[in-house]
Amino acid sequence: PLSYDWGALKTMIGTLQPTGNTNQGIGMAWGWLTLGTGAPFNAPAKDTANYTYKEAIILLSDGEDTGSLVCEDRVLDLARRTDAVIYAIGPRPKHVPREARLSLGRAGYLLAALARETGGEAYFPRSASELEPIYRRIADLTIDTSTRTVEEVVKAIAQKLKKGETGLTLHP
């Protein structure tokens, strides 16, 4: 559910651990779908006469892509052919077991490559406390905050999500 309890959200994100399957390809596909005006999200048509849009995807991953049926090269190829800028976040655990170091390197490579190929940035925080400045940086790069604060923009987006007025979506 949507929430303004920033502390609880930060705590929840801070508990992410790379377990089970992570499917970055499907995550990217869902991100791209939220930018379109067609099903399943049906974003409203863009008013290009009055606004300039910056399409962006924030890909937050908990680790190695272990569940994709699409190879990394295909995901990168699709990213290159879109107008969306990708901001990738791959939380880096404080203690990485020796056997996981290579795979985390591959995951980091994919996230960095997605960001680089689309003009975005990749971030690799070690704790949840590092996420707020990262999201502020992304907001500064993508949202005109000259008339509103980042918090006001986030609250406005959340209100529209509750009313179903935007193509944006939040996934647990």
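Residues numbered from 1 in each chain as written. Predicted model: local features only at pLDDT ≥ 70, side-chain atom pairs only at ≥ 80, totals over all residues. Heavy atoms only, no water.

### Considering the overall build of the protein
Within the protein one finds six helices and three strands. Order of helices (α) and strands (β) in the protein, N terminus to C terminus: α-α-β-α-β-α-β-α-α. With 172 residues in all, the protein has 28% of them scored as buried. Per element, the accessible surface of the protein, about 11000 Å² overall, is 55% carbon and sulfur. (Helix = DSSP H or I, 4+ residues; strand = E, 2+ residues; numbered from the N terminus. Buried < 20%, exposed > 50% of the residue type's maximum accessible area, 1.4 Å probe, protein only. Areas by Shrake-Rupley, 256 points an atom, 1.4 Å probe, with all protein chains shown as cover.)

### Overview of the side chain of T34
On the secondary structure map, T34 appears in helix α2 (residues 24–34). Reaching out from T34, the side chain makes a polar contact with the backbone oxygen of G31 at a distance of 2.7 Å. (Polar contact = N/O pair within 3.5 Å; in protein donor to acceptor, adjacent residues only side chain to side chain.)

### Let's talk about the packing of α2 against helix α3 (residues 72–80)
When two helices pack together, their arrangement is given by the angle between the helix axes and the distance between those axes. It is the contact of α2 with α3, at a shortest axis distance of 10 Å, that shows an interaxial angle of 20 degrees. Considered as vectors, α2 and α3 are oriented roughly parallel to each other. Between α2 and α3 the crossing geometry is left-handed. For the pair formed by α2 and α3, the contact residues are G25, M28 and W32 on the first element and V75, L78 and A79 on the second. Class assignment for the residues of the contact of α2 with α3 results in five nonpolar, one polar and no charged. (Axes fitted to C-alpha atoms, helices over the stretch in contact; angles between N-to-C directions. Parallel < 35°, antiparallel > 145°, perpendicular 65-115°, else oblique. Left-handed = near helix turned anticlockwise from the far one by under 90°. Contact = heavy atoms within 4.5 Å. Nonpolar A, V, L, I, M, F, W, Y, C, P; charged D, E, K, R; others polar.)

### A closer look at the environment of G67
Looking at the secondary structure, you find G67 in the loop between β1 (56–60) and α3. A C-alpha to C-alpha distance of 8.5 Å links G67 and G25, two positions 42 residues apart in sequence. Ignoring any residue separated from it by four or fewer positions in sequence, one finds G67 in contact with N21, T22 and N23.

### Some words on the sheet that holds strand β2 (residues 85–89)
The parallel open sheet is built from three strands, whose spatial order is β1-β2-β3. Whereas interior strands pair on both sides, the edge strands pair on one side only; in this sheet they are β1 and β3 (122–123). When β2 meets β3, the two strands line up parallel, connected through two bridges. Opposite A88, over in β3, you have A122 as the bridge partner. Sitting on the sheet, helix α5 (residues 131–142) touches β1, β2 and β3, and the angle it makes with β2 is about 175 degrees. (Pairing = 2+ DSSP bridges.)

### Let's talk about a nonpolar patch on the surface
A surface patch of nonpolar side chains, amounting to about 270 Å² of accessible area, comprises I26, W30 and L33. Mapped onto the elements of the fold, I26 is located in helix α2. Residue I26 is classed as partly exposed on the basis of its relative accessible area, which comes to 43%. (Patch = residues over 30% accessible without salt bridge, like charges linked within 9 Å, V, L, I, M, F, W, Y side chains within 5 Å. Salt bridge = Lys/Arg side-chain N within 4 Å of Asp/Glu carboxyl O.)

Read these as layout, nothing more, since geometry by itself doesn't imply function.
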